[in-house]
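The primary structure of each chain is shown beneath.
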Amino acid sequence: LQILGANSAAPAHGRNQTSQLLNINEELILIDCGEGCQLQLRKYKAHMQRISTILISHLHGDHYLGLMGLLFTLHLQKKSDPLHIYGPPGLAEVIRIQLKYSNSVLHYPIEFIEWEPGTEAMIIDNPIYSVRTIVMKHRIPCMGFIFSEKPKKRRPIEKKIPLWAGSSVFKDLKDGLDLIHPETGELIPNNELTFPPKKSRSYAFFSDTLYSPELAEKIKGVNLLYHEATFMDDLRDRAVQTFHSTAKDAAMMASAAQVGKLLLGHFSIRYRDLNPLLQEARQIFPESYLATEGESLYIHD
Ligand SMILES: [Zn+2]
């Protein structure tokens, strides 16, 4: 996971608005696309062309105003593969109207998938991973996303596989089948020839939301949680008024959901120094970290 921006509202203090790039088996998924996103992608040498999917959590400007610029740049770069864009109702219209009035036809097809407000759904499901939406409590329809790797295959130990077994046994061993000698019928149990599968990992992205303790159940045990922490807890009233969370809220969610690590983001422009937010969260959940632009995190099981 690479952080491209983690500020709220407006760029400030050298920080950009929400945007993240998630690499799953070399497939790149962009999560939100704040203003300046394409500059950040360039700055951190991301392979823009390889972005297959863009997820937009909601239509507040700080989460998607970078999208149009990125779409035009991909067009100029002669992108030809389809781009899948998931977002709230209205996003496709916003994009189409800009293409219409600039008389532009993009080189590549866009497949729009609009989710239904207030309804959680599996929006991506392939053999490697799935993505589910999770309803945020915000002023306009807003979703978070839960990324889950599918169960992985067993790992054959090459030096333990007898010579009489051909290379075609690898697939069977990965699938958990025992090895049987074709003539003698000798059976070698799978667990003597393979290591157990690597654990599947998960990541929850919480976009703008009022603190919603009931959501903890839905993200129980995820390896990494990104949770907005727009304010510190002394501004709780302001957070509630604007349907945002505090650093303390984020930490309480991480603690209740027993996640591996918590990443704080969506910082208000009133905070130049973010360490007080980090300290506030760490008092409740020690494995808290600040989302820092340019940093890449390997998600551990
Ligand atoms: Zn918002």
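Residues numbered from 1 in each chain as written. Predicted model: local features only at pLDDT ≥ 70, side-chain atom pairs only at ≥ 80, totals over all residues. Heavy atoms only, no water.

> I'm lost on the overall build of the protein chain in this one. Help?
Looking only at helices and strands, one finds seven helices and 17 strands in the protein chain. Out of the 301 residues in the protein chain, the part that is buried amounts to 50%. Considering only residue pairs separated by 6 or more positions, the protein chain has 65% of its internal contacts joining residues 24 or more positions apart. Working note: accessible area of the protein chain is about 14,600 Å², and carbon and sulfur atoms make up 54% of it. Of the charged side chains in the protein chain, 33 are positive and 34 negative, and the gap between their average positions amounts to 4 Å. (Helix = DSSP H or I, 4+ residues; strand = E, 2+ residues; numbered from the N terminus. Buried < 20%, exposed > 50% of the residue type's maximum accessible area, 1.4 Å probe, protein only. Contact = heavy atoms within 4.5 Å. Areas by Shrake-Rupley, 256 points an atom, 1.4 Å probe, with all protein chains shown as cover. Lys, Arg positive; Asp, Glu negative; His and termini not counted. Charge placed at Lys NZ, Arg CZ, Asp CG, Glu CD.)

> Looking at this structure, I do not really get the pattern of salt bridges. What am I missing?
Charged atoms that come close allow side chains of opposite charge to pair. Enumeration over the complete set of coordinates arrives at 13 salt bridges. Note that Asp125 is salt-bridged to Lys150, the shortest N-O span being 2.6 Å. In this pair, Asp125 is assigned in strand 7 (residues 122–125) and Lys150 in the loop between strand 9 (143–149) and strand 10 (155–156), connecting sequence segments 25 residues apart. Its relative accessible area of 51% is what places Asp125 among the exposed residues. Judged by relative accessible area, which is 25%, Lys150 ranks as partly exposed. Among the salt bridges present, the one from Arg201 reaches Glu149, with a minimum N-O distance of 3.0 Å. Here Glu149 lies in strand 9 and Arg201 lies in the loop between strand 13 (194–195) and strand 14 (202–206), a separation of 52 residues in the sequence. Judged by relative accessible area, which is 15%, Glu149 ranks as buried. A cluster of three or more residues bridged by salt bridges with shared partners is formed by Asp233, Arg236, Lys248 and Asp249. (Salt bridge = Lys/Arg side-chain N within 4 Å of Asp/Glu carboxyl O.)

> Which parts of the structure should I look at to understand the side chain of Glu149?
Side chain to side chain, Glu149 and Lys152 meet in a polar contact 3.0 Å long. Only 2.8 Å separates the side chain of Glu149 from the backbone nitrogen of Arg201, close enough to count as a polar contact. Beyond its immediate stretch of four places on either side in the chain, Glu149 contacts Ile128, Tyr129, Lys199, Ser200 and Arg201. (Polar contact = N/O pair within 3.5 Å; in protein donor to acceptor, adjacent residues only side chain to side chain.)

> Is there a simple way to think about the coordination of the zinc ion in this case?
A four-donor tetrahedral metal ideally has 109.5 degree angles, and a six-donor octahedral metal ideally has angles of 90 or 180 degrees. Distances from the zinc ion to its protein donors, namely His58 (NE2), His60 (ND1), His138 (NE2) and Asp208 (OD), fall within the range 2.2 to 2.3 Å. Here the zinc ion is ringed by four donor atoms whose angles at the metal span 87 to 172 degrees, and the overall shape comes out irregular. (Donors = N, O, S within 2.8 Å, 3.2 Å for Na, K, Ca; no water. Tetrahedral: all angles 85-135°; square planar, octahedral: opposite > 155°, others 65-115°.)

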